[in-house]
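Fold and geometry: a report
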Amino acid sequence: CNVWTLRFFCAGEANLGYCPGSLGESKYKGAMRSLALLLLLSEVTISSSQTTNDVDFMKSSPLGCFSRGYEMDYYIPNTNINTTSLKLCQEHCQYVPGCVRFVYKAFWGECWFADENAVEIPSGSPYLIAGYKSCEPEAMALPPRCRSELPGNGFPGYSGKSSDLAWPGGKQPYSLECWPKRWDGAPLACTEITVLEDTNDGWPGKCRGLVEIKGVNGTDCGRDCRSNPSCQSWQNTVYYSCWQGLGKDCFVRSNFQPRSAQRLQHGSIRVLKDLTGYQIKGLHKGFDNAEGFFQKQEDAIVFCKNMCYSDIRCQYWLYAPNYGCYLEDASEEHGPPYPLTVESAKRDTGFAKDCVAGEYIQHYCPAESVSRVVQMPLPILADCAERGYRYEPPSMFLSHRSVEPNWEACRSRCKITVYCNYFAFWPDGGCLVAGTDSQRVVAESYEVISGPIHCNASFQTPPPSVERWVNNASGRAQAMAPVAPVAGVQEVSSAHMAEIEIPILGLNVQALAPPDKHLLEGRYADAIAKTIGVPVTEIKEGPDSNDLDAQVHLSPSVGGGCILTAYTPNEPVTSRSPALLASKLKVPALITNLKVATTQAQLPVMALEGGQIQVGEPQVGTKDHPLKGLQEQPSFWSQWWPLLIALTFAVCIGGFLFVHYFANQSDSDGGKRKRLRVSGRGVSDEDAVELPLKEGLESGLPAPPPMGVYSGAPSSASYTSSQGYTPQYPRSTGYGPYGGSGRYGGYA
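This one's a predicted model, so the numbers in the text were calculated from it and none came from an experiment.

**Observations concerning helix 7 (residues 297-309)**
End to end, helix 7 covers 19 Å across 13 residues, agreeing with the expected 18 Å (1.5 Å per residue, within 8%). For helix 7, the set of buried residues is Ala300, Ile301, Phe303, Cys304, Asn306, Met307, Cys308 and Tyr309.

**Section: the sheet that holds strand 23 (residues 422-425)**
The five strands lie next to each other as 20-26-23-24-22, forming an open sheet whose pairing is antiparallel. Each edge of the open sheet is held by one strand with a lone partner, namely strand 20 (386-387) and strand 22 (402-403). By the bridge criterion, two bridges tie strand 22 to strand 24 (residues 430-434) in an arrangement that is antiparallel. Bridge assignment links valine 403 to a residue of strand 24, and that residue is glycine 430. Here helix 9 (residues 407-415) sits on the sheet and contacts strand 22, strand 23, strand 24 and strand 26 (449-452); the angle it forms with strand 23, its principal contact strand, is near 150°.

**Quick look at unusual backbone geometry**
Put simply, phenylalanine 155 and proline 156 share a cis peptide bond, and its omega is -5°. In this structure, aspartate 249 is a non-glycine residue whose phi angle is positive, near 50°. Here aspartate 249 lies in the loop between strand 11 (241-245) and strand 12 (260-266). A residue is classified by how much of its surface remains accessible, and aspartate 249, at 36% relative accessible area, is partly exposed. One non-glycine residue, tyrosine 419, lies in positive phi territory at about 65°. Among the secondary structure elements, tyrosine 419 is positioned in the loop between helix 9 and strand 23.

**With respect to the environment of glutamate 71**
Relative to the helices and strands, glutamate 71 is located in strand 2 (residues 70-72). Glutamate 71 sits in the partly exposed class, given a relative accessible area of 22%. Each C-alpha atom of the pair glutamate 71 and valine 103 lies 6.0 Å from the other, and the pair is 32 residues apart in sequence.

**Quick word on the pairing of strand 28 (residues 553-556)**
Relative to strand 29 (residues 562-569), strand 28 runs antiparallel, the two sharing four bridges. Within the sheet, the bridge partner assigned to leucine 554 lies in strand 29 and is leucine 564. Counting the residues in the hairpin turn of strand 28 and strand 29 gives five residues, including glycine 560, whose phi is positive at 105°.

**Some words on the pairing of strand 19 (residues 357-364)**
Along strand 19, seven of the eight residues are buried, which leaves the element largely enclosed by surrounding structure. Where strand 13 (residues 268-274) lies against strand 19, six bridges are found, and the strand directions are antiparallel. What sits directly across from lysine 273, in strand 19, is tyrosine 360. With four bridges connecting them, strand 16 (residues 316-320) and strand 19 associate as antiparallel partners. Of the residues in strand 19, the one forming a bridge with tyrosine 319 is alanine 357.

**Here's the deal with the state of the cysteines**
Considering all chains together, one arrives at twelve disulfides under this definition. In this model cysteine 89 forms its disulfide with cysteine 111; the gap between the sulfur atoms is 1.8 Å. The sign of the 80° torsion about the S-S bond sets the cysteine 89-cysteine 111 disulfide as right-handed. Here cysteine 89 is found in helix 4 (residues 86-93), whereas its partner cysteine 111 is found in strand 5 (residues 110-114), with 22 residues between them in sequence. Disulfide pairing is shown between cysteine 410 and cysteine 431; the S-S distance is 2.0 Å. Residues cysteine 410 and cysteine 431 are joined through a disulfide that is right-handed, its torsion about the S-S bond being 85°. Of this pair, cysteine 410 sits in helix 9 while cysteine 431 sits in strand 24, and the two are 21 residues apart along the sequence.

**Here's the deal with the nonpolar core**
Core analysis: the biggest nonpolar cluster contains 33 residues, and Ile502, Leu507, Tyr524, Ile528, Ile539 and Leu564 have the highest contact counts within it. Only strand 27 (497-505), helix 11 (514-532), strand 29, helix 12 (579-585) and helix 13 (588-601) provide two or more residues apiece to this core. Here this core takes seven residues from helix 11, the largest share from any one element. The residues contacting isoleucine 502, other than those within four sequence positions of it, are Ile528, Cys562, Ile563, Leu564, Leu590, Leu594, Val615, Gly616 and Pro618. Counting residues in hydrophobic clusters, the runner-up holds 25 residues, among them Leu246, Ala300, Phe303 and Cys314.

**Quick notes on the pattern of salt bridges**
A full pass over the atoms with the stated rule returns 17 salt bridges. Arginine 263 is the salt-bridge partner of glutamate 197, the closest N and O atoms lying 3.2 Å from each other. Of this pair, glutamate 197 sits in strand 8 (residues 193-198) while arginine 263 is found in strand 12, placing the two residues 66 residues apart along the sequence. Under the relative-accessibility criterion, glutamate 197 is labelled buried at 5%. Residue aspartate 526 is joined to lysine 530 by a salt bridge in which the shortest nitrogen-to-oxygen separation is 3.4 Å. Here lysine 530 and aspartate 526 lie together in helix 11, a separation of four residues that amounts to about one turn. Look at aspartate 526 and you get partly exposed, because its relative accessible area is 29%. Note on lysine 530: relative accessible area 51%, which makes it exposed.

Each value, and the rule that gives it
- Residues numbered from 1 in each chain as written.
- Predicted model: local features only at pLDDT ≥ 70, side-chain atom pairs only at ≥ 80, totals over all residues.
- Heavy atoms only, no water.
- Helix = DSSP H or I, 4+ residues; strand = E, 2+ residues; numbered from the N terminus.
- Expected span 1.5 Å × (residues − 1).
- Buried < 20%, exposed > 50% of the residue type's maximum accessible area, 1.4 Å probe, protein only.
- Pairing = 2+ DSSP bridges.
- Contact = heavy atoms within 4.5 Å.
- Axes fitted to C-alpha atoms, helices over the stretch in contact; angles between N-to-C directions.
- Disulfide = S-S within 2.5 Å.
- Core = buried A, V, L, I, M, F, W, Y, C linked by side-chain atoms within 4.5 Å.
- Salt bridge = Lys/Arg side-chain N within 4 Å of Asp/Glu carboxyl O.

Right, dumping it as structure tokens:
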């Protein structure tokens, strides 16, 4: 029973008779509303786990049957229904006449059905999942426009509709529509691979604009590129680092020579239309012949064609001798429109008249070259454990990473650890335990399993965001996940961030409006990323986690101009020395890239002092090799000197009191002996000698001579006491403390 139907049907005043019960009208209405609210909350709880269940169902199905983030451009009218899972939506498609594809909108619980004429297009939403009515190979066959259809003479048309009508099936194919995809929307690997260009065959392979693949040795770069259908070319440098990407201007590059490089074609190509004499808007420059590398025009055409053939997302390429090679680059922000119309396909421009070669192509992978392996379903989790999340900070103070056989053992470790509240278990067996100060964050891998130490009412698992963790897993390596130590290799405890400072003369950042400055900082980040060959997202405006990615910081300089400051992981990230990164920055390409970025930003005249910027020598520093501008870390003495001084004073005062106390004790004991002596209570001569000289003086008696010294005759010298009088000593009778019968016998 639908929650809202139940609420209005059973709680309405006019329909009370239809609901059983003996409660009064007001109590009955309140009970029904409470029941409706309870059912609504339970429905929210069920929908919270829907996304995870749908992902498990997709991962356990044959590859290529589902693709997240896609929808259809057309649906069969009046057939959509509401359902609660992806599996039920697929089952309903099998009973809808003409249904070949369907789209499940997980967030809304809606299921839409489409026929074979519908085109699969990106949706931009992770909650939309496109699938086939059955995961059997026959049901997943590609439509005719991906196998045999070619456009007629009316393509491109004056409008999108007329362009579609020029195709036999009534639709122009969409980019990557004919390429099989994984459940997360990424293209599947194709075993059919062709080597288009190779340094062993004379290709220079000096491509620019590549991205360094961290963690892949240069000797394995080719094998890694073959397994990734989105990899167009690879390059192994003299440092055995691996670089991959489309690669532009691969022919002339001073002071650079790769060890090896190749350009690959994944799958097969269908040429849909010859574009000689056209200019297609939205294409980007791949190279030109300004350096005079090509002696024959035919060679340049072949290399231009190979660039587009190597990128499964490239549909158009053109070559004009006076302009160069232009092709579709999906990594750029803008591209050719869909459907293609005469508004974007010109034939009367200077470029079109100079264009001597060009093609509109389609990439596809033959069915026999696609590996659709049925994956084993993931184990069902319970007790509030969930996939795709971890905790930050990842571990407690003084805790360590352990290796456990499963996530249950990792939770058991948390239960026996004091102050442990959460656990996180990685696919490689790594286990980290966290305390109350840790926050739940999206993990780098969906296979990470985490949860609280106990499942109670205070822990509520929010619905997992497929978009966040899938994008993290596909776009980044598991840099934050713990890595198992390798035997014989010393484990490095931390990564190192490098600070880059570049002086720029002739640029007045104070004259820039905030939007212009922000745009310029983004372009400068892209220029630095291209120079050192890293993704632009690894360039940050500051070292903290809250600082913006793909941005630098521009600050005014005292002597004029400004200072560009950027932060990026050091190369290698475990090294404390910035030497390698500095060598990559101190190249002419950095100056060129920064000047090009300044020109593209179209800054106001008042911001450019002299019309052009001048770039100074970049400085690179790390924590162990800081720049002058870097703030040094506080030393132990600078942090703790007040406490140390206070402890020193406390020790001195305590020592003084200790000495004073024992001195008083000694004086007290001496006073007792004095009183015993003067009272004549049988104190021996030895005890009397121990009395201080001061006591003898204060008592009015002369000090005794040293022990064992015979005095002979009495001294005739008079003695004046501190009271100002001269004491008269009587002759010894032999009975006093200094009598002749004592140790000092004969003293008178």
